[in-house]
Each structure stands twice: as C-alpha cells, then as structure tokens.
Amino acid sequence: MSSCCSDDNCRVEAESASEFCPSCGSKGTSVDLITLKALLTADGLRRGVPPAPRLCATADCPVVYFDNAVPIVFREYELTVPVHAKHLDDVLVPVCYCFGYTPRKIREEGEIASKTITAEVKAGHCACEVKNPKGVCCLGDVAKVERRLGAELVAATR
Ligand SMILES: [Zn+2]
C-alpha cells in the first residue's frame, strides 16, 4: 500500500468505501461487466449494467452484485443461474458452471472431478467470465467443496 493522503476528499478513501456491500457490509470483489451481461435476466438487464460492479459472496446476504457509485444492487432472482456462494450447502447448485459440476457430482466422481476440471481449465476450455457468477475460475471453490465433502465422508464412515 502506498501512503494515503490525509485529505478528506482523498480518492483512495472514496474508492475503498465503495468496495463494501450496502446490505451486509462485507468487502465485494470486482467483477467484469461481461459477467453481468451474460448472467442477468431480462429484467436485470433493463435496470442497466453498472460501470464498476462488485460481487458480494456472503452466504446469507441477498445481494449478488452492487455498484455503490450508481447506486444499484442485483439480487439472486435477477440472475439466470443460482449462485454457489449463496447456497454452499445445496448439492444441486453448480460449483463449476463451465462443466456443470455440482457438489453432488463432485461427490459421485470423487477426486476425478477436480482432475477433469483442472484439465479442462488448462486446455483453455472454460468460460468462467460468462458462466460463473463470480466471473473467475471455480477451482478454488471446487477444492473447498472437496475438502468439505472429504470431511463428511470420513465422518460418515466412523
Ligand atoms: Zn452482501
């Protein structure tokens, strides 16, 4: 971090304030416009895609995208797909949107699932920016689901 100015109108401070979800207050991650254009419903698109959208990944927060400069928020019903981050325990909501992997499918395929996804990603076959509501690669979330499922399976066999 560079040293911040003490001016009240400091642009850095203004920008950092806009990073936080207006509903739950947690920090949102920047998302490309193309992700919203691809995943918003017709009604969502009619409200206008904001210039600097952010994603709120808080599980119990209804807001998916926001841009405090507009201001505007989009809730999950304004997306064409359910959002994994909002349904961590739902085994039928995709984790990997490009290749259709839900927690249930990952559990069924075991470690082959992440190997398959990784190979497809390496081959450049993924379309995360237009398929995944996060707009980024799903592999981190896939690994988290695998760890959780692994713990569940171990617990179930005890
Ligand atoms: Zn939120």
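Scroll up to find the structure this text is about.
Let me begin by describing the structure that accompanies this report. All of these numbers come straight from a predicted model, not from anything done at the bench.

## Some points on the sheet that holds strand 4 (residues 72-75)
Reasoning step 1: Within the open sheet, the four strands sit side by side as 1-2-3-4. Their pairing is antiparallel. If you trace the sheet from one side to the other, it starts and ends with strand 1 (29-30) and strand 4, each paired once.
Reasoning step 2: One ladder, built from four bridges, connects strand 3 (residues 63-67) with strand 4; its direction is antiparallel. Of the residues in strand 4, the one forming a bridge with Val 63 is Arg 75.

## A short note on helix 5 (residues 111-122)
Reasoning step 1: End to end, helix 5 covers 17 Å across 12 residues, agreeing with the expected 16 Å (1.5 Å per residue, within 8%).
Reasoning step 2: Gly 124 lies just past helix 5 and shows a positive phi near 80°.

## Some points on the pairing of strand 3
Reasoning step 1: Where burial is concerned, most of strand 3 is hidden: five out of the five residues are buried.
Reasoning step 2: Sheet topology places strand 2 (residues 54-55) next to strand 3; two bridges connect them, and they run antiparallel. Residue Arg 54 lies in a different strand from strand 3, and its bridge partner there is Phe 66.
Reasoning step 3: Taken together, strand 3 and the strand that follows it, strand 4, pair antiparallel across an intervening segment of four residues.

## Let's talk about unusual backbone geometry
Reasoning step 1: Each neighbour pair has its own omega, and for Val 70 with Pro 71 the value is -15°, a cis peptide bond.
Reasoning step 2: Residue position: Pro 71 is located in the loop between strand 3 and strand 4.

Thresholds applied
Residues numbered from 1 in each chain as written. Predicted model: local features only at pLDDT ≥ 70, side-chain atom pairs only at ≥ 80, totals over all residues. Pairing = 2+ DSSP bridges. Helix = DSSP H or I, 4+ residues; strand = E, 2+ residues; numbered from the N terminus. Expected span 1.5 Å × (residues − 1). Buried ≥ 20, exposed ≤ 12 C-beta atoms within 10 Å, placed from the backbone.

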